[in-house]
Amino acid sequence: RKPGGWTNAEIAELVKKALEEKGSVLIVVNTRASAQALYQEIKNRNLCTALYHLSTNMCPVHRKDKLDEIKAKLEAKEPVICVSTQLIEAGVDIDFDAVIRSLAGLDSIAQSAGRCNRHGIREDGGSVWVVNPQEENLDKLVDIKIGREHAQRVLDDFRDAPDDFGNDRIGLNAIATYYTFYYQTRENLMDYPV
């Protein structure tokens, strides 16, 4: 994360670096528009012949076919770049060498991180980066926007005092702190009078 956020061009450069160092890269963003724009930025740079875009706009059968294709290339150790919305965070058994996650709630970050070295076969453990994109508009996605703000707060607190979080950015202490902040903000929406 950096002040002012990352441009799509800067994220594409990080993708290039991750692909060269690791071999396969998953990029998870919060909106379909962000996924499409980042996919186009990467495509324009010709970083990889196996470049994929996954979105909830795809019909489920087409999405499953693309996921099967990606899995086959990953198993064959071919270079792969996949730009996806958060649809890939749950219920998808896929294993990339590196993950770049657009800043969101810590729960989403942890889910995306679970797509890196998922099967524990990489000696280096893989790499996960969390970036704060400049060009991602969350104004209509209030829950994600609030989650992002509180994740930012926890990650900043971690940077200043990692021992307070057991030296684990997405460990139990960090997640508990995140949910405390999140639910305090949302408590008025969780009161359901009968």
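So, here's what we can say about the structure. The numbering scheme is per chain: residues are counted from 1 as the chain's sequence reads. For a predicted model such as this one, the threshold for reporting local features is a pLDDT of at least 70, and the threshold for listing and counting side-chain atom pairs is 80 or more; totals across whole chains, interfaces and linings nevertheless cover every residue. No hydrogens and no water enter the side-chain calculation; it runs on all heavy atoms of the structure.

A few words on the overall build of the protein. Secondary structure summary: the protein contains six helices and five strands in total. Numbered from the N terminus, helices here are DSSP runs of H or I no shorter than four residues, and strands are runs of E no shorter than two. Beginning at the N terminus, the succession of helices and strands in the protein can be written as α-β-α-β-α-β-β-α-β-α-α. Taking 2.2 N^0.38 as the reference for a compact globule, 194 residues should give roughly 16 Å; the C-alpha atoms of the protein span a radius of gyration of 17 Å, in line with that estimate. Over its C-alpha atoms, taken along the principal directions, the protein stretches across nearly 50 × 40 × 30 Å. Here the protein holds 194 residues, and 45% of them are scored as buried. Only C-alpha atoms enter the radius of gyration; for comparison, a globular chain is expected to reach 2.2 Å times N to the power 0.38, where N is the number of residues. Accessibility here uses a 1.4 Å probe with only protein chains present; expressed as a share of the type maximum, an area under 20% marks a residue as buried, one over 50% as exposed, and anything in between as partly exposed.

Moving on, we come to unusual backbone geometry. Positive phi is not limited to glycine here, since N46 has a value of about 50 degrees. Counting through the fold element by element, N46 comes out in the loop between α2 (32-44) and β2 (51-54). If you check the backbone angles, N167 has positive phi at about 55 degrees while not being a glycine. Examined against the element boundaries, N167 turns out to sit in the loop between α5 (142-160) and α6 (172-186).

On to the nonpolar core. Nonpolar core, defined: a set of buried Ala, Val, Leu, Ile, Met, Phe, Trp, Tyr and Cys residues in which side-chain atoms within 4.5 Å join the residues together. Counting residues in each nonpolar core, the largest one holds 39 residues, and the members touching the most others are I27, I42, I70 and I88. For this core, the secondary-structure elements that each account for two or more residues are α1 (8-22), β1 (24-28), α2, β2, α3 (60-75), β3 (80-84) and β4 (98-102). When residues of this core are assigned to their parent elements, the largest contribution, six residues, is made by α1. The contact rule is simple, with two residues in contact once any of their heavy atoms fall within 4.5 Å. Leave out the neighbours within four places in its chain, and I88 touches L26, V28, L54, L67, I94 and R115.

Where helix α4 (residues 106-113) is concerned, the buried positions are L106, S108, I109, S112 and A113. Projected onto a plane normal to the axis of α4, the buried residues spread over an arc of 160 degrees and lie on a single side. Starting at the helix axis, one direction is taken to each C-beta atom, and the arc is that of these directions.

With that settled, consider the packing of aromatic side chains. Pairing of aromatic side chains requires ring centres within 6.5 Å, counting the rings of Phe and Tyr and the six-membered ring of Trp. Pairs whose planes differ by under 30 degrees are stacked, by over 60 edge-to-face, and all others tilted. Counted under the stated rule, the structure contains five aromatic pairs. Relative to Y179, the ring of Y178 has its centre 5.1 Å away and its plane inclined at 65 degrees; by these criteria the two rings are edge-to-face. Assessed through its relative accessible area of 3%, Y178 is described here as buried. The partly exposed category is assigned to Y179, whose relative accessible area is 28%. Members of the aromatic cluster, connected to one another through ring pairs, are Y178, Y179, Y182 and Y183. The positively charged end of K2 is found above the aromatic ring belonging to W6, 5.2 Å away from the centroid. Either the NZ atom of lysine or the CZ atom of arginine qualifies as a charge over a ring when it sits within 6 Å of the ring centre and within 35 degrees of the ring normal. Above the face of the F181 ring, R153 is positioned so that its terminal group lies 3.5 Å from the ring centre.

On to the pairing of β2. Going residue by residue along β2, you find L51 and H53 tucked away on one face and Y52 and L54 tucked away on the opposite face as well. Direction of pairing for β2 relative to β3: parallel, over a ladder of four bridges. If you follow L51 over to β3, its bridge partner there is I81. Whether a crossover is right-handed comes down to one check: with the strands pointing away from the viewer, does the path from the first strand over the helix to the second run clockwise; if it does, it is right-handed. Once the chain exits β2 it traverses α3 before rejoining the sheet at β3, and the crossover so formed is right-handed. Between any two strands, at least two bridges found by DSSP are needed for them to pair.

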